[in-house]
Amino acid sequence: GLPTAVELIEVSPRDGLQNEPEFVSTEKKKELILQLSKSGFKRIETTSFVHPKWVPQMADAEQISAYCNELGITYIALTPNVKALERALSVGAPEIAVFIGASSAFNQKNINRTTDESLAECAPLFALAKQKNVFIRAYVSTAWHCPYQGPVSFEEVHHVVNRFVELGADEIDIGDTNGEAHPQEVFETFQRLREKYPKAVFVGHFHDTSKLALANTYAALQAGIDKFDASAGGLGGCPFSPGATGNVATEDMLTMFDKMGITTGVQLSRETVAYAKSLSTRL
Ligand code: HMG
Ligand code: MG
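The shown structure was predicted, so the numbers you read here are calculated from the model rather than taken from an experiment. Counting starts from 1 at the beginning of each chain's written sequence and moves along it residue by residue. For naming, the first written chain is A and the first written ligand is 1, with later ones following in the order written. Whole-chain, interface and lining totals are the exception, using all residues; otherwise, since this is a predicted model, local features are given only for residues with pLDDT of at least 70 and side-chain atom pairs are given and counted only at 80 or more.

### With respect to the overall build of the chain
We apply this condition: A run of H or I in DSSP counts as a helix once it spans at least four residues, and a run of E counts as a strand once it spans at least two, with each numbered from the N terminus. To get the radius of gyration, use the C-alpha atoms; to get the globule rule, take the number of residues to the power 0.38 and multiply by 2.2 Å. Any residue surrounded by 20 or more other C-beta atoms within 10 Å of its C-beta is treated as buried, while 12 or fewer makes it exposed and the intermediate range makes it partly exposed; C-beta atoms here are placed from the backbone.
Helix and strand counts for the chain come out as eleven helices and ten strands. On C-alpha atoms alone, the chain measures out to a radius of gyration of 17 Å, which is about the 19 Å that the 2.2 N^0.38 rule sets for 283 residues. Taken over the C-alpha atoms alone, the chain extends approximately 45 × 45 × 35 Å along its principal axes. Of all 283 residues assigned to the chain, the portion counted as buried reaches 53%.

### Some remarks on the site of ligand 1
Filter applied, for reference: Only the C-beta atom, placed from the backbone, is used; a residue is near a molecule or strand if that atom lies within 6 Å of it. Charged residues are taken to be Asp, Glu, Lys and Arg, nonpolar residues to be Ala, Val, Leu, Ile, Met, Phe, Trp, Tyr, Cys and Pro, and polar residues to be all remaining types, Gly included.
Residues in close proximity to ligand 1 total 27 residues, the closest being Val50, Ala84, Ser141, Gly175 and Thr177. Counting only elements with at least two residues in the shell around ligand 1, the list comes to helix H4 (82-90), helix H5 (104-111) and strand E5 (135-141). Broken down by element, the residue count for the shell around ligand 1 peaks at three residues, all from H4. For the shell around ligand 1, a count of residues per class yields 13 nonpolar, eleven polar and three charged.

### Here we look at the packing of helix H2 (residues 26-37) against helix H3 (residues 61-71)
Where we set the bar: Axis definition: a line fitted to C-alpha atoms, over the contacting stretch in the case of helices. Angles run 0 to 180 degrees between N-to-C directions. An angle below 35 degrees is read as roughly parallel, one above 145 as roughly antiparallel, one from 65 to 115 as roughly perpendicular, and any other as oblique. Left-handed describes a crossing in which the near helix is turned anticlockwise from the far one by less than a right angle; the clockwise case is right-handed. Here, residue contact means that the backbone-derived C-beta atoms of the two residues sit within 7 Å.
Running from amino to carboxyl end, H2 crosses H3 at an angle of 30 degrees, the nearest separation of the two axes being 10 Å. In this view, H2 runs roughly parallel relative to H3, as classed from their interaxial angle. Taken as a pair, H2 and H3 cross one another with a handedness that is right-handed. Taken together, the residues of H3 that come into contact with H2 (itself represented by Thr26, Lys29, Lys30, Ile33, Leu34 and Ser37) are Gln63, Ile64, Tyr67, Cys68 and Leu71. Of the residues contributing to the contact of H2 with H3, the split by class is six nonpolar, three polar and two charged.

### Let's talk about helix H10 (residues 250-260)
Filter applied, for reference: The arc in question is the one traced by the directions running from the helix axis out to the C-beta atoms.
When we look at burial in H10, the residues that qualify are Thr250, Glu251, Met253, Leu254 and Phe257. Mapping the buried residues of H10 onto a view down its axis gives an arc of 150 degrees, with all of them on the same face. The exposed residues of H10 that point more than 90 degrees off its buried face are Thr255 and Lys259. Contacts made by the buried residues of H10 are with strand E1 (7-10), helix H9 (213-222), strand E10 (227-230) and helix H11 (270-278). The positive-phi residue at the C-terminal boundary of H10 is Gly261, with phi of around 75 degrees.

### Describing the nonpolar core
Note the cut-off: A set of buried Ala, Val, Leu, Ile, Met, Phe, Trp, Tyr and Cys residues, joined through C-beta atoms within 7 Å, is what we mean by a nonpolar core.
Counting 80 residues, the largest nonpolar core has Ala77, Ile96 and Val140 as the members making the most contacts within it. In this structure Val140 touches Ile100, Ala102, Val157, Val160, Val161, Ile172, Ile174 and Gly175, once residues within four positions along its chain are discounted.

### A short note on the environment of Trp54
Here Trp54 lies in the loop between strand E2 (44-48) and H3. For Trp54, a count of 14 C-beta atoms within 10 Å corresponds to the partly exposed category. Separated by 200 residues in sequence, Trp54 and Leu254 have C-alpha atoms that sit 33 Å apart.

### Describing unusual backbone geometry
The bulk of non-glycine residues show a negative phi, and the bulk of peptide bonds are trans. For Asn133, which is not glycine, the phi dihedral falls at a positive 60 degrees. With respect to the helices, strands and loops of the structure, Asn133 is situated in the loop between helix H6 (115-131) and E5.

### Comments concerning helix H7 (residues 154-167)
Note the following rule: Here a helix's expected span is defined as the number of its residues, less one, multiplied by 1.5 Å.
Between its terminal C-alpha atoms H7 stretches 20 Å, which fits the 20 Å expected from 14 residues at 1.5 Å a residue. Buried residues along H7 sit against strand E4 (95-101), H6, E5, strand E8 (171-176) and helix H8 (183-196).

### Observations regarding the environment of Tyr67
Within the secondary structure layout, Tyr67 lies in helix H3. A count of 20 C-beta atoms within 10 Å places Tyr67 in the buried class. On a C-alpha basis, the gap between Tyr67 and Arg194 in space is 37 Å, while along the polypeptide they are 127 residues apart. If sequence neighbours within four positions are ignored, Tyr67 has contacts with Lys30 and Ile33.

### Some details on the UniProt feature "domain: Pyruvate carboxyltransferase" (unreviewed entry) in the chain
Applied cut-off: UniProt positions are given in the numbering used here, feature names are shortened, and annotations may be inferred rather than shown by experiment.
Here the UniProt-annotated "domain: Pyruvate carboxyltransferase" (unreviewed entry) positions come out as residues 6-272. Taken end to end, residues 6-272 has its terminal C-alpha atoms 21 Å apart, with 43% of it in helix and 17% in strand.

### Things to note about the pairing of E10
The condition is simple: We treat two strands as partners when DSSP finds at least two bridges between them. Crossovers are marked right-handed if the path from the first strand over the helix to the second runs clockwise, as seen with the strands pointing away from the viewer.
With four bridges connecting them, E1 and E10 associate as parallel partners. Across the sheet, residue Glu7 finds its bridge partner in E10, namely Lys227. Where strand E9 (residues 202-206) meets E10, two bridges bridge the pair, whose relative direction is parallel. Bridge assignment links His205 to a residue of E10, and that residue is Asp229. The parallel pair E9 and E10 is bridged by H9, and the resulting crossover is right-handed.

Structure, rendered in C-alpha coordinates:
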(Lines give C-alpha, C1' and ligand atoms only; values in the text may rest on other atoms or scores of the structure.)
(Ligands and ions follow the chains in the order given, each with its own letter.)
Protein backbone atom coordinates (compact mmCIF):
# COMPACT_ATOMS: atom_id res chain seq x y z
CA GLY A 1 0.00 0.00 0.00
CA LEU A 2 0.86 3.67 0.02
CA PRO A 3 3.03 5.24 2.73
CA THR A 4 0.98 6.44 5.74
CA ALA A 5 3.32 9.35 6.46
CA VAL A 6 5.46 11.50 4.19
CA GLU A 7 8.07 14.17 4.71
CA LEU A 8 7.40 17.47 2.98
CA ILE A 9 10.51 19.58 2.45
CA GLU A 10 9.69 23.23 1.89
CA VAL A 11 11.80 24.84 -0.87
CA SER A 12 10.14 28.22 -1.43
CA PRO A 13 12.93 30.40 0.02
CA ARG A 14 15.37 28.80 -2.44
CA ASP A 15 13.65 27.38 -5.55
CA GLY A 16 10.69 29.75 -5.01
CA LEU A 17 12.69 32.94 -5.04
CA GLN A 18 15.86 32.20 -7.04
CA ASN A 19 14.28 33.20 -10.35
CA GLU A 20 12.65 36.44 -9.15
CA PRO A 21 13.89 39.23 -11.42
CA GLU A 22 13.93 41.91 -8.69
CA PHE A 23 15.97 41.33 -5.55
CA VAL A 24 13.71 40.25 -2.69
CA SER A 25 15.15 41.92 0.40
CA THR A 26 16.93 39.80 2.98
CA GLU A 27 14.37 40.98 5.56
CA LYS A 28 11.48 39.66 3.47
CA LYS A 29 13.23 36.34 2.95
CA LYS A 30 13.79 36.09 6.70
CA GLU A 31 10.10 36.77 7.37
CA LEU A 32 9.14 33.95 4.97
CA ILE A 33 11.58 31.56 6.66
CA LEU A 34 10.28 32.60 10.10
CA GLN A 35 6.69 31.85 9.12
CA LEU A 36 7.66 28.53 7.52
CA SER A 37 9.70 27.60 10.60
CA LYS A 38 6.45 27.68 12.61
CA SER A 39 4.58 25.44 10.16
CA GLY A 40 5.98 22.06 11.19
CA PHE A 41 8.54 21.36 8.45
CA LYS A 42 11.46 19.26 9.64
CA ARG A 43 13.69 20.81 6.99
CA ILE A 44 13.54 23.90 4.80
CA GLU A 45 15.70 24.61 1.76
CA THR A 46 16.61 28.21 2.35
CA THR A 47 19.37 29.44 0.05
CA SER A 48 22.16 28.73 -2.47
CA PHE A 49 25.88 29.41 -2.26
CA VAL A 50 26.00 29.95 -5.99
CA HIS A 51 27.87 32.68 -7.83
CA PRO A 52 26.10 36.01 -7.25
CA LYS A 53 26.79 36.98 -10.85
CA TRP A 54 24.89 33.89 -12.03
CA VAL A 55 22.04 34.11 -9.51
CA PRO A 56 21.97 37.58 -7.88
CA GLN A 57 18.84 36.67 -5.89
CA MET A 58 20.86 34.28 -3.71
CA ALA A 59 23.66 36.76 -2.98
CA ASP A 60 22.58 36.96 0.69
CA ALA A 61 23.23 33.23 1.36
CA GLU A 62 25.56 34.00 4.29
CA GLN A 63 23.07 36.34 6.00
CA ILE A 64 20.16 33.95 5.43
CA SER A 65 22.14 31.04 6.87
CA ALA A 66 23.15 33.10 9.93
CA TYR A 67 19.45 33.82 10.48
CA CYS A 68 18.54 30.12 10.16
CA ASN A 69 21.21 29.35 12.75
CA GLU A 70 19.61 31.93 15.06
CA LEU A 71 16.20 30.29 14.57
CA GLY A 72 17.76 26.89 15.22
CA ILE A 73 16.09 25.25 12.22
CA THR A 74 17.47 22.46 10.07
CA TYR A 75 18.03 23.96 6.66
CA ILE A 76 19.43 22.89 3.31
CA ALA A 77 21.69 25.16 1.24
CA LEU A 78 22.66 24.50 -2.37
CA THR A 79 26.40 24.04 -2.99
CA PRO A 80 27.27 23.26 -6.63
CA ASN A 81 31.06 23.23 -6.12
CA VAL A 82 33.78 23.07 -3.47
CA LYS A 83 33.95 26.85 -3.26
CA ALA A 84 30.22 26.85 -2.43
CA LEU A 85 30.68 24.13 0.18
CA GLU A 86 33.46 26.15 1.83
CA ARG A 87 31.11 29.13 2.06
CA ALA A 88 28.38 26.90 3.54
CA LEU A 89 30.79 25.38 6.05
CA SER A 90 32.02 28.79 7.13
CA VAL A 91 28.50 29.63 8.33
CA GLY A 92 27.78 26.14 9.69
CA ALA A 93 25.04 24.98 7.31
CA PRO A 94 23.79 21.59 8.57
CA GLU A 95 22.66 20.21 5.19
CA ILE A 96 23.89 20.87 1.68
CA ALA A 97 22.58 20.01 -1.76
CA VAL A 98 24.55 19.38 -4.91
CA PHE A 99 22.69 19.44 -8.21
CA ILE A 100 23.61 17.77 -11.46
CA GLY A 101 21.33 17.32 -14.43
CA ALA A 102 20.91 13.96 -16.10
CA SER A 103 21.23 16.03 -19.28
CA SER A 104 24.70 17.31 -20.06
CA ALA A 105 23.27 20.16 -22.16
CA PHE A 106 21.44 21.40 -19.06
CA ASN A 107 24.58 21.21 -16.94
CA GLN A 108 26.50 23.33 -19.44
CA LYS A 109 23.91 26.11 -19.03
CA ASN A 110 23.28 25.71 -15.32
CA ILE A 111 26.69 25.03 -13.81
CA ASN A 112 29.06 25.61 -16.73
CA ARG A 113 30.24 21.97 -16.69
CA THR A 114 29.39 18.73 -18.45
CA THR A 115 27.79 15.96 -16.42
CA ASP A 116 31.06 14.09 -16.00
CA GLU A 117 33.01 17.23 -15.11
CA SER A 118 30.42 17.96 -12.40
CA LEU A 119 30.50 14.38 -11.13
CA ALA A 120 34.30 14.55 -10.92
CA GLU A 121 34.08 17.70 -8.80
CA CYS A 122 31.63 15.91 -6.49
CA ALA A 123 34.30 13.51 -5.18
CA PRO A 124 36.29 16.11 -3.17
CA LEU A 125 33.06 17.93 -2.31
CA PHE A 126 31.42 14.83 -0.81
CA ALA A 127 34.65 13.93 1.00
CA LEU A 128 34.86 17.35 2.66
CA ALA A 129 31.15 17.40 3.54
CA LYS A 130 31.40 13.95 5.10
CA GLN A 131 34.47 14.92 7.08
CA LYS A 132 32.41 17.85 8.49
CA ASN A 133 29.36 15.65 9.18
CA VAL A 134 27.13 17.60 6.85
CA PHE A 135 24.02 15.85 5.48
CA ILE A 136 24.25 15.55 1.69
CA ARG A 137 21.22 15.91 -0.54
CA ALA A 138 22.04 15.17 -4.18
CA TYR A 139 19.70 16.40 -6.90
CA VAL A 140 19.38 14.79 -10.30
CA SER A 141 17.76 17.54 -12.36
CA THR A 142 16.11 17.16 -15.77
CA ALA A 143 15.34 13.54 -14.88
CA TRP A 144 12.64 13.16 -17.53
CA HIS A 145 12.94 16.12 -19.82
CA CYS A 146 15.52 18.81 -20.58
CA PRO A 147 14.70 22.26 -21.97
CA TYR A 148 17.74 22.04 -24.30
CA GLN A 149 18.03 18.34 -25.11
CA GLY A 150 14.39 17.20 -25.02
CA PRO A 151 13.57 13.73 -23.64
CA VAL A 152 16.05 12.27 -21.14
CA SER A 153 16.69 8.52 -20.93
CA PHE A 154 16.64 6.38 -17.80
CA GLU A 155 20.29 5.51 -18.51
CA GLU A 156 21.29 9.17 -18.20
CA VAL A 157 19.47 9.40 -14.86
CA HIS A 158 20.97 6.15 -13.70
CA HIS A 159 24.48 7.32 -14.58
CA VAL A 160 24.22 10.23 -12.13
CA VAL A 161 22.27 8.34 -9.45
CA ASN A 162 24.82 5.54 -9.48
CA ARG A 163 27.68 7.95 -8.84
CA PHE A 164 25.74 9.70 -6.06
CA VAL A 165 25.13 6.32 -4.39
CA GLU A 166 28.83 5.43 -4.70
CA LEU A 167 29.85 8.76 -3.18
CA GLY A 168 27.46 8.22 -0.26
CA ALA A 169 24.68 10.77 -0.75
CA ASP A 170 22.29 10.79 2.21
CA GLU A 171 19.31 11.34 -0.09
CA ILE A 172 18.85 11.57 -3.83
CA ASP A 173 16.33 14.07 -5.10
CA ILE A 174 14.91 13.37 -8.55
CA GLY A 175 13.84 16.61 -10.25
CA ASP A 176 11.37 17.35 -12.99
CA THR A 177 13.08 20.69 -13.50
CA ASN A 178 10.82 22.08 -16.21
CA GLY A 179 7.61 20.28 -15.22
CA GLU A 180 7.23 18.20 -18.38
CA ALA A 181 7.13 14.70 -16.84
CA HIS A 182 3.95 12.60 -16.76
CA PRO A 183 2.82 10.10 -14.10
CA GLN A 184 3.57 6.92 -16.02
CA GLU A 185 7.24 7.74 -16.56
CA VAL A 186 7.55 9.09 -13.02
CA PHE A 187 6.27 5.77 -11.67
CA GLU A 188 8.64 3.80 -13.89
CA THR A 189 11.73 5.80 -13.00
CA PHE A 190 11.15 5.57 -9.26
CA GLN A 191 10.24 1.90 -9.44
CA ARG A 192 13.42 1.09 -11.37
CA LEU A 193 15.59 3.22 -9.08
CA ARG A 194 14.15 1.60 -5.95
CA GLU A 195 14.71 -1.85 -7.44
CA LYS A 196 18.34 -1.06 -8.22
CA TYR A 197 19.04 0.82 -4.98
CA PRO A 198 16.76 -0.56 -2.26
CA LYS A 199 18.75 1.15 0.52
CA ALA A 200 18.94 4.60 -1.09
CA VAL A 201 16.59 7.37 0.04
CA PHE A 202 14.82 9.08 -2.86
CA VAL A 203 12.90 12.36 -2.94
CA GLY A 204 10.47 13.66 -5.58
CA HIS A 205 10.86 17.25 -6.78
CA PHE A 206 8.14 18.27 -9.21
CA HIS A 207 7.56 21.52 -11.05
CA ASP A 208 4.01 22.21 -12.17
CA THR A 209 4.40 23.62 -15.68
CA SER A 210 2.08 20.98 -17.17
CA LYS A 211 -0.18 20.94 -14.08
CA LEU A 212 0.81 17.31 -13.52
CA ALA A 213 2.86 17.77 -10.35
CA LEU A 214 0.16 16.34 -8.06
CA ALA A 215 -0.46 13.42 -10.40
CA ASN A 216 3.30 12.84 -10.53
CA THR A 217 3.40 12.92 -6.74
CA TYR A 218 0.71 10.26 -6.60
CA ALA A 219 2.64 8.14 -9.12
CA ALA A 220 5.79 8.46 -7.00
CA LEU A 221 3.82 7.51 -3.87
CA GLN A 222 2.68 4.36 -5.65
CA ALA A 223 6.33 3.57 -6.37
CA GLY A 224 7.02 3.85 -2.63
CA ILE A 225 8.45 7.39 -2.44
CA ASP A 226 7.69 9.15 0.85
CA LYS A 227 9.70 12.40 0.65
CA PHE A 228 8.66 15.33 -1.49
CA ASP A 229 9.76 18.90 -2.10
CA ALA A 230 7.08 21.58 -2.35
CA SER A 231 6.86 25.34 -2.33
CA ALA A 232 4.31 27.52 -0.53
CA GLY A 233 2.11 29.32 -3.01
CA GLY A 234 3.63 27.32 -5.87
CA LEU A 235 6.55 29.70 -6.21
CA GLY A 236 9.58 28.52 -8.10
CA GLY A 237 11.57 28.06 -11.25
CA CYS A 238 15.12 27.64 -12.37
CA PRO A 239 16.75 30.60 -14.15
CA PHE A 240 18.43 28.13 -16.53
CA SER A 241 15.23 26.26 -17.40
CA PRO A 242 13.37 28.70 -19.66
CA GLY A 243 9.57 28.45 -19.55
CA ALA A 244 9.42 26.32 -16.41
CA THR A 245 6.97 27.46 -13.77
CA GLY A 246 6.89 26.96 -10.03
CA ASN A 247 7.22 23.94 -7.83
CA VAL A 248 4.14 22.01 -6.79
CA ALA A 249 2.31 24.14 -4.20
CA THR A 250 2.74 22.96 -0.61
CA GLU A 251 -0.89 23.79 0.17
CA ASP A 252 -2.08 21.55 -2.69
CA MET A 253 0.14 18.72 -1.49
CA LEU A 254 -1.31 19.16 2.01
CA THR A 255 -4.87 19.04 0.68
CA MET A 256 -4.13 15.80 -1.14
CA PHE A 257 -2.23 14.14 1.71
CA ASP A 258 -4.76 15.25 4.35
CA LYS A 259 -7.67 13.87 2.34
CA MET A 260 -5.81 10.61 1.83
CA GLY A 261 -5.05 10.31 5.55
CA ILE A 262 -1.30 10.55 4.95
CA THR A 263 0.34 12.51 7.76
CA THR A 264 2.91 15.25 7.13
CA GLY A 265 3.17 17.08 10.45
CA VAL A 266 2.79 20.32 8.50
CA GLN A 267 0.12 22.97 8.96
CA LEU A 268 0.49 25.89 6.60
CA SER A 269 -1.62 28.95 7.33
CA ARG A 270 -3.39 30.94 4.61
CA GLU A 271 -1.40 33.95 5.78
CA THR A 272 1.91 32.21 5.09
CA VAL A 273 0.75 31.11 1.63
CA ALA A 274 -0.38 34.68 0.93
CA TYR A 275 2.92 36.06 2.20
CA ALA A 276 4.91 33.69 -0.04
CA LYS A 277 2.79 34.70 -3.04
CA SER A 278 3.28 38.39 -2.26
CA LEU A 279 7.04 37.93 -2.81
CA SER A 280 6.61 36.61 -6.33
CA THR A 281 6.03 38.65 -9.47
CA ARG A 282 5.76 35.51 -11.59
CA LEU A 283 2.52 33.91 -10.39
P1 HMG B 1 31.88 29.22 -12.93
O2 HMG B 1 31.83 30.62 -13.46
O3 HMG B 1 32.05 28.11 -13.91
O4 HMG B 1 32.97 29.08 -11.78
O5 HMG B 1 30.56 29.00 -12.10
P6 HMG B 1 34.51 28.85 -11.89
O7 HMG B 1 34.82 27.63 -11.14
O8 HMG B 1 34.97 28.93 -13.33
O9 HMG B 1 35.11 30.11 -11.12
C10 HMG B 1 34.98 31.43 -11.66
C11 HMG B 1 34.99 32.45 -10.53
O12 HMG B 1 33.80 32.27 -9.75
C13 HMG B 1 36.15 32.30 -9.55
O14 HMG B 1 36.45 33.61 -9.09
C15 HMG B 1 35.56 31.53 -8.42
O16 HMG B 1 36.18 31.77 -7.17
C17 HMG B 1 34.14 32.06 -8.38
P18 HMG B 1 37.75 34.42 -9.64
O19 HMG B 1 38.91 33.53 -9.33
O20 HMG B 1 37.51 34.56 -11.10
O21 HMG B 1 37.67 35.68 -8.89
N22 HMG B 1 33.20 31.09 -7.82
C23 HMG B 1 32.30 31.34 -6.86
N24 HMG B 1 31.99 32.45 -6.17
C25 HMG B 1 31.02 32.36 -5.23
N26 HMG B 1 30.35 31.21 -4.97
C27 HMG B 1 30.62 30.08 -5.64
C28 HMG B 1 31.64 30.13 -6.63
N29 HMG B 1 32.14 29.19 -7.46
C30 HMG B 1 33.08 29.78 -8.17
N31 HMG B 1 29.97 28.96 -5.36
C32 HMG B 1 28.98 27.91 -10.70
C33 HMG B 1 30.19 27.73 -11.60
C34 HMG B 1 28.43 26.55 -10.38
C35 HMG B 1 29.41 28.60 -9.43
C36 HMG B 1 27.93 28.79 -11.44
O37 HMG B 1 27.65 28.17 -12.67
C38 HMG B 1 26.68 29.02 -10.67
O39 HMG B 1 26.68 29.68 -9.64
N40 HMG B 1 25.53 28.51 -11.19
C41 HMG B 1 24.26 28.73 -10.54
C42 HMG B 1 23.35 27.61 -10.86
C43 HMG B 1 22.05 27.74 -10.11
O44 HMG B 1 21.97 28.31 -9.04
N45 HMG B 1 20.98 27.16 -10.69
C46 HMG B 1 19.73 27.11 -10.04
C47 HMG B 1 19.68 26.04 -9.01
S48 HMG B 1 19.48 24.41 -9.72
C49 HMG B 1 17.76 24.21 -9.83
O50 HMG B 1 17.03 25.15 -9.63
C51 HMG B 1 17.20 22.85 -10.05
C52 HMG B 1 16.67 22.22 -8.76
O53 HMG B 1 15.59 23.00 -8.21
C54 HMG B 1 16.17 20.79 -9.00
C55 HMG B 1 15.19 20.67 -10.16
O56 HMG B 1 14.22 21.46 -10.28
O57 HMG B 1 15.38 19.70 -10.95
C58 HMG B 1 17.77 22.12 -7.68
MG1 MG C 1 13.57 22.96 -8.91
